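Now for the letters of each chain:
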Amino acid sequence: MRPWLGLVALACGLLLGACGNDEESGPNGGGGGEAGTTGFAGAGGDGGGGGEGGTGRDEAPGGSGGEGGAGGSGGSGGAPGPVRRLTPRLAAIVDPVAEEAVHRQLGDDPGYYLGYPLSLFYEVFPDDFDFVFFFAEFEGPVAGVHIARNRPAIPGTGIDHPHTDPIADKLRSVIALQLDSNGPTLHEMLHHWAVYLSPSLGFQGSHWGYAGVHGQLGGFDPESLVCAKPEGARPPCDPDDEDGTTTYIVDSFGLVANGGDSVPYAPLELYLMGLIPADEVPDVPILVDVVSDERLPDGRRAIRARELRTVTIDDIIAVHGERPLSGAEDRHFRVAFVLVTAEEPTDAQVQLADRWVRMFSCEDPTRFVLCFEEATQGLATVDVMLPERP
């Protein structure tokens with residue numbers, strides 16, 4: 001049995017969309033803290049566009065906790081063990097305590113609870129995976145939670161402090177997901193690299209918020225940005241009145257997500273992953289000090305802000321240094337998907353989880369959901385196959 005430590009996690013802030021805590025309800029919504037998480041796709045929250053992904057909370061590792069170690073994984077009398085391979089790309093953990101741990105991670109209880117299911121998983125499977133996803137059926141506003149486990153300081157990203165995990169040396173991040181939602185597989189995996197940029201640049205928390213990035217982590221489409229006065233003109237715009245605000249019109253978007261796994265990674269997101277060079281990242285307009293955010297009858301949004309700031313990649317490099325391009329070892333990832341249940345999983349649960357994994361890995365492509373390779377424009381790939389004899 002492997003020892004493990006439970007590590008306290010810091011929540012990034014209030015989030016929008018399907019989440020109970022709606023980040024869009026305030027004019028300056030944006031998560032604080034180091035990492036991010038997501039909620040349901042397709043359900044636009046108040047002030048959000050239809051079809052945007054609502055998100056939950058991302059967790060960042062904190063101090064040490066004291067949960068106990070995992071139990072053994074052996075079975076008896078010919079019964080299947082609690083940890084095993086269900087399909088070539090999907091593992092199972094049948095353990096009520098493990099299921100409750102995933103539920104707590106997806107729930108309102110801040111902290112880190114995935115050490116127990118991880119320790120069970122590594123009792124059977126080798127330490128060969130970069131990312132581990134735990135699926136569990138759960139009813140709640142948060143559809144996904146990302147927690148970094150082994151991550152060095154990464155120049156150019158704002159990730160300045162390394163973190164290590166006692167359970168597995170190779171594991172980069174562990175992610176909890178509700179079984180029944182559109183993603184946020186791509187979104188949560190991206191949180192290993194983003195968003196940790198300095199607030200001094202105008203970015204807000206662990207998602208893009210009112211920045212014109214238009215990617216997996218939210219943000220508006222900068223091509224849609226026009227003035228309310230003169231109507232339809234491109235910025236610079238005329239101010240509203242003497243209070244110093246200006247109203248800008250943009251297409252519908254999410255502060256923390258933009259449509260689940262149906263949206264590709266934006267150039268700035270690809271840059272932070274180390275997949276494209278700095279000269280391929282366009283300027284980013286950011287609406288700073290937002291006073292109000294109103295949904296218009298045509299679905300667009302009228303946003304009153306005190307400043308429209310343009311952040312260039314040179315501005316980001318001046319603060320964080322330049323992000324080196326990733327080598328081959330950081331462009332191909334081994335990813336394990338694990339269905340966690342209290343009792344033996346049903347055929348429907350297995351089929352749903354396995355189909356999700358096949359879509360994520362491009363094995364079963366669909367026009368409605370992007371696989372990881374498509375979302376990265378072919379610049380990175382994943383291997384989701386499990387060993388036949390763990």
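For the protein chain, the count of helices and strands is seven helices and 14 strands. For the protein chain, the proportion of its 390 residues judged to be buried stands at 56%. Excluding contacts between residues fewer than 6 apart, the proportion of contacts in the protein chain whose partners are at least 24 apart in sequence is 73%. For the protein chain, the accessible area works out to roughly 14,800 Å², and carbon and sulfur atoms hold 50% of it.

So, about the packing of helix α1 (residues 96-106) against helix α2 (residues 115-124). Running from amino to carboxyl end, α1 crosses α2 at an angle of 135°, the nearest separation of the two axes being 8 Å. Here α1 lies oblique to α2, going by the angle between them. Across from Val 97, Ala 98, Ala 101 and Val 102 in α1, the residues of α2 making contact are Tyr 116, Pro 117 and Leu 120. Broken down by class, the residue content of the contact of α1 with α2 amounts to seven nonpolar, no polar and no charged.

Working definition: the covalent bond between the sulfur atoms of two cysteines is a disulfide. This model, assessed by the stated rule, comprises two disulfides. Shown here is the disulfide that connects Cys 227 with Cys 237, its sulfur atoms set 1.9 Å apart. Every disulfide takes its handedness from the sign of the S-S torsion; for Cys 227 and Cys 237 that torsion is -80°, giving left-handed. Note that Cys 227 is positioned in strand β9 (residues 226-227) and Cys 237 in the loop between β9 and β10 (246-250), a separation of ten residues in sequence. Of the residues examined, Cys 227 reaches a relative accessible area of 1% and is grouped as buried. You can call Cys 237 buried: its relative accessible area is 14%. Covalent S-S linkage joins Cys 362 and Cys 371, the inter-sulfur distance amounting to 1.8 Å. For the disulfide bridge between Cys 362 and Cys 371, the dihedral angle about the S-S bond is near 75°, and by the sign convention the bridge is right-handed. You can call Cys 371 buried: its relative accessible area is 2%.

Attention shifts here to the sheet that holds strand β12 (residues 301-311). If you walk across this open sheet you meet the four strands as β9-β10-β12-β11, and the pairing is antiparallel. What marks the edges here is a single partner per strand, and that holds for β9 and β11 (284-295).

Locating Ala 328 in the fold gives a position in the loop between α5 (313-320) and β13 (332-341). Separated by 52 residues in sequence, Ala 328 and Ala 380 have C-alpha atoms that sit 8.8 Å apart.

One pass over the structure, following the stated rule, counts 18 salt bridges. For the salt bridge of Asp 354 with Arg 358, the shortest nitrogen-to-oxygen distance reads 3.0 Å. One end of the pair, Asp 354, and the other, Arg 358, are both in helix α6 (residues 347-360), four residues apart, so they sit about a helical turn from each other. Close ionic contact of Asp 364 with Arg 355 constitutes a salt bridge, the shortest N to O distance being 2.6 Å. Since its relative accessible area comes to 34%, Arg 355 is described here as partly exposed. One connected set of salt bridges, linked through shared partners, spans Arg 89, Asp 354, Arg 355, Arg 358, Glu 363 and Asp 364.

Attention shifts here to the confidence of the model for the protein chain. Counting all residues, the mean pLDDT for the protein chain is 83, and 79% of those residues have values of 70 or more. In the predicted structure, residues 1-57 sits below a pLDDT of 50 and forms 237 contacts with residues beyond four places in sequence or in another chain. The model gives residues 60-77 a pLDDT under 50, and that stretch makes 46 contacts with residues more than four places away or in other chains.

Scoring rules and cut-offs
Residues numbered from 1 in each chain as written. Predicted model: local features only at pLDDT ≥ 70, side-chain atom pairs only at ≥ 80, totals over all residues. Heavy atoms only, no water. Helix = DSSP H or I, 4+ residues; strand = E, 2+ residues; numbered from the N terminus. Buried < 20%, exposed > 50% of the residue type's maximum accessible area, 1.4 Å probe, protein only. Contact = heavy atoms within 4.5 Å. Areas by Shrake-Rupley, 256 points an atom, 1.4 Å probe, with all protein chains shown as cover. Axes fitted to C-alpha atoms, helices over the stretch in contact; angles between N-to-C directions. Parallel < 35°, antiparallel > 145°, perpendicular 65-115°, else oblique. Nonpolar A, V, L, I, M, F, W, Y, C, P; charged D, E, K, R; others polar. Disulfide = S-S within 2.5 Å. Pairing = 2+ DSSP bridges. Salt bridge = Lys/Arg side-chain N within 4 Å of Asp/Glu carboxyl O. pLDDT = per-residue confidence, 0-100.

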